Amino acid sequence: MIYTESVDYIHSLLKFGIRPGLTGMGALLHLLGDPHKDLKYVHVAGTNGKGSTSTAISNILTEAGYKVGLYTSPYVTEFLERVQFCGKPVSKQVFADSVSKVKCAVEKLQIEDVTITEFEALTASAFLCYKALECDVVVLEVGLGGRLDATNVIDTPLVNIITSLSIDHSAILGNTIEEIAFEKCGTIKRGGNVVCSFGQPDGAMKVVSRTVEEQANSLVVPDVSDVDVIKSDVFGTSFTYKNNKYFVPMAGEHQLKNMTCAIECANILKNYFNITDNNIIDGISKTVLPARV
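First things first, this report covers the structure right here in the doc.

Definitions and limits used
Residues numbered from 1 in each chain as written. Predicted model: local features only at pLDDT ≥ 70, side-chain atom pairs only at ≥ 80, totals over all residues. Heavy atoms only, no water. Phe/Tyr/Trp six-rings, centres within 6.5 Å; stacked < 30°, edge-to-face > 60°. Helix = DSSP H or I, 4+ residues; strand = E, 2+ residues; numbered from the N terminus. Expected span 1.5 Å × (residues − 1). Buried < 20%, exposed > 50% of the residue type's maximum accessible area, 1.4 Å probe, protein only. Core = buried A, V, L, I, M, F, W, Y, C linked by side-chain atoms within 4.5 Å. Contact = heavy atoms within 4.5 Å. Pairing = 2+ DSSP bridges. Axes fitted to C-alpha atoms, helices over the stretch in contact; angles between N-to-C directions.

**Remarks on the packing of aromatic side chains**
We describe a pair of aromatic rings using the distance from one ring centre to the other and the angle between the two ring planes. Here the structure, examined in full by the defined rule, presents seven aromatic pairs. A network of ring pairs unites the aromatic residues Y3, Y75, F79 and F95 as a single cluster.

**Observations regarding helix 9 (residues 255–269)**
With 15 residues, helix 9 ought to run about 21 Å at 1.5 Å a step, and its terminal C-alpha atoms sit 21 Å apart, in line with that. Within helix 9, 13 of the 15 residues are buried, leaving the element largely enclosed by the surrounding structure.

**Concerning the nonpolar core**
Grouped together as the largest cluster of nonpolar side chains are 38 residues, with contacts concentrated most on L28, V83, F95, F127 and Y130. Counting residues per element, the ones that place at least two in this core are helix 1 (3–12), helix 2 (23–31), helix 4 (92–111), helix 5 (118–132) and strand 5 (137–141). If one sorts the elements of this core by residue count, helix 5 sits on top with nine residues. Once you skip the residues sitting within four places of it in the chain, F95 turns out to touch Y3, S6, V7, I10, F79, L80, V83, V90, L122, S125 and C129. Ranked by size, the runner-up nonpolar core spans 36 residues in total, among them Y246, C261, I263 and I284.

**Re the environment of V142**
On the secondary structure map, V142 appears in the loop between strand 5 and strand 6 (159–162). In the structure, V142 is positioned 96 residues away from G46 in sequence and 8.0 Å away in space, judged by C-alpha atoms. Those residues in contact with V142 that sit more than four places away from it in its chain are H43, V44, A45, K50, D149, T151 and T187.

**Notes on unusual backbone geometry**
Here the residue pair S73 and P74 is connected by a cis peptide bond, since its omega of -5° sits within 30 degrees of zero. Mapped onto the elements of the fold, P74 is located in the loop between strand 2 (68–71) and strand 3 (83–85). Here A216, not a glycine, exhibits a phi torsion of approximately 50°, which is positive. You can see A216 is positioned in the loop between helix 8 (202–214) and strand 8 (218–220). According to the relative accessible area criterion, A216 is partly exposed, its value standing at 43%. Here the phi dihedral of K242 falls at roughly 50°; this positive angle occurs in a residue that is not glycine. Looking at the secondary structure, you find K242 in the loop between strand 10 (236–241) and strand 11 (244–248).

**Points about the pairing of strand 11**
Sheet topology note: the strand 10/strand 11 ladder contains five bridges and is antiparallel. Bridge pairing in strand 11 links F239 to Y246. Linking strand 10 back to strand 11 in an antiparallel pair, the connection comprises two residues, with K242 at a positive phi of about 50°.

**Comments concerning the sheet that holds strand 11**
The three strands lie next to each other as 9-10-11, forming an open sheet whose pairing is antiparallel. In this open sheet, the two edge strands, each paired with only one partner strand, are strand 9 (227–233) and strand 11. For this sheet the average axis-to-axis angle between neighbouring strands, irrespective of direction, equals 15°. In the packing of helix 9 onto the sheet, the strands contacted are strand 9, strand 10 and strand 11, and the crossing angle to strand 10 comes to about 50°.

And the structure:
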């Protein structure tokens, strides 16, 4: 299979739409040898800011010298923006080889009347890519919701991030902020670390806090009082946080929520990787995400 054929195949599954649930995804990955179980993760859920936060964390880890996978959506100019390795799209051949394996597994499952969606096939392909590339860590952005999202097949990640929460996809996730927070917090697993954006609605924060307690996680919420904006304009935002100075080249002070989540995530990741404050500063300074927030 060549690259164009692999993309066409992934898109051909679009007609099956979105089907929340992990049964099909689990069956698909099992046929592929459970590649997701050989990787370490930062799992990013939320309504707004997932893309910026995920990209910043990927940049920080890349600056620290690690082999980093970044799985994100949607793409803007190139399909493989969704499946990145060390800040760049994975090679077309690695992706095509992975999709070829996924296609064979999907066809076996179809015989058993198990339908695999586009997002499930793409996510499985990404796991195969990251395993083949021997990633040290994967920054994994949730596609929709969290609890029943295809990315949620992973075990407890190194860090789970909950970005800003608001009402979204009500027909699938619920009509109240509490119901939506419940779905997003479904990514929080036993014994992990959670970073949650500051400024959450009260109802959402109650769900986050309760879930963290139930799952015996640690919780870090960046302290807004530690943030001092130096300058914010169309070219980006300069700010200090806990005595370090940062610049993110994206407009909007909402990026303070995203970048402080990334900073606190990186501070937790120092327990697992050799990350310096300069790696964090440099990673954030390179975080640009056209057409996303």
